[in-house]
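Breakdown of the fold
Chain by chain, the residues:
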Amino acid sequence: MNQYNPKHIEKTLKRMEKSDTLKNIHRSDTNIMSFFNEIEEDNKLEKQKSASELKKDQYLEKVNSLKQLVQNIGTKEEIHRIVAIGALIETTDFFNLKSDRKKILKENMIWCNQIYKQYIKHLDS
């Protein structure tokens, strides 16, 4: 039968104490998977920002084409409103779009579509 060396017992006890101390450390911040989760969240955020910028660019493009169409044959009030809608779109943060601003944009884009259809019919006839 082997006898235990007291020196080994003390080393083992110290390792056990150290192990208990390590168990108390909060590891979610040191977990490698949390690092990858943060990267994935950042990528999603960047995609959302890109999509919102793309939407903003599309709206501006539509408003500019309407402005060019209406410029020669539209009323001053229509042209002023179109310019104001363009300014509204340019100053809007589409990534953090609040519901009231979203409603205003939607109403104005509906109006733009109606005016566009009206002038296209006018040009076709």
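Notes on the structure in this doc start here. Since the model is a prediction, treat every value here as computed from it, not as a measurement. (Residues numbered from 1 in each chain as written. Predicted model: local features only at pLDDT ≥ 70, side-chain atom pairs only at ≥ 80, totals over all residues. Heavy atoms only, no water.)

Some thoughts on the overall build of the protein
Within the protein, the secondary structure is distributed over four helices and zero strands. Going from the N terminus to the C terminus, the protein shows its helices and strands as α-α-α-α. For the protein, with 125 residues in total, the buried portion stands at 19%. In the protein, of all internal contacts separated by at least 6 residues, the share reaching a separation of at least 24 is 65%. Working note: accessible area of the protein is about 10,700 Å², and carbon and sulfur atoms make up 52% of it. (Helix = DSSP H or I, 4+ residues; strand = E, 2+ residues; numbered from the N terminus. Buried < 20%, exposed > 50% of the residue type's maximum accessible area, 1.4 Å probe, protein only. Contact = heavy atoms within 4.5 Å. Areas by Shrake-Rupley, 256 points an atom, 1.4 Å probe, with all protein chains shown as cover.)

Thoughts on a nonpolar patch on the surface
Taken together, Ile9, Leu13 and Met16 make up a surface patch of nonpolar side chains, about 280 Å² in accessible area. Here Ile9 is to be found in helix α1 (residues 6-23). By relative accessible area, Ile9 is classed as partly exposed at 40%. (Patch = residues over 30% accessible without salt bridge, like charges linked within 9 Å, V, L, I, M, F, W, Y side chains within 5 Å. Salt bridge = Lys/Arg side-chain N within 4 Å of Asp/Glu carboxyl O.)

Some remarks on the packing of aromatic side chains
Enumeration over the complete set of coordinates arrives at one aromatic pair. Between Tyr59 and Phe94, the ring centres sit 5.6 Å apart and the planes meet at 75 degrees, which makes this aromatic pair edge-to-face. Here Phe94 lies in the loop between α3 (76-91) and α4 (99-124) and Tyr59 lies in helix α2 (residues 32-73), a separation of 35 residues in the sequence. Of the two residues, Tyr59 and Phe94, both sit in the buried class. Lys49 extends its terminal NZ or CZ atom over the ring of Phe95, reaching a point 5.8 Å from the ring centre. (Phe/Tyr/Trp six-rings, centres within 6.5 Å; stacked < 30°, edge-to-face > 60°. Lys NZ or Arg CZ within 6 Å of the ring centre and 35° of its normal.)

Topic: the environment of Ile115
Take Ile115: it is sitting in helix α4. Distance in space between the C-alpha atoms of Ile115 and Gly74 is 9.4 Å, their sequence separation being 41 residues. Every residue in contact with Ile115, bar those within four places of it in the chain, is listed here: Leu66, Val70 and Glu78.

Remarks on the pattern of salt bridges
Evaluated as defined, the whole model comprises one salt bridge. One salt bridge in this structure joins Glu40 and Lys44, with 3.9 Å as the shortest N-O distance. With Glu40 and Lys44 both in helix α2, this residue pair falls four residues apart, about one helical turn. Given the relative accessible area of 51%, Lys44 is considered exposed.

Structural notes on the nonpolar core
If you look at the biggest cluster of nonpolar residues, it comprises 17 residues, and the most contacted ones within it are Val63 and Ile89. At the level of elements, α2, α3 and α4 are the ones that each hand at least two residues to this core. Leaving out residues up to four positions away in the same chain, Ile89 has contacts with Lys56, Tyr59, Leu60, Val63, Phe94, Leu105 and Met109. (Core = buried A, V, L, I, M, F, W, Y, C linked by side-chain atoms within 4.5 Å.)

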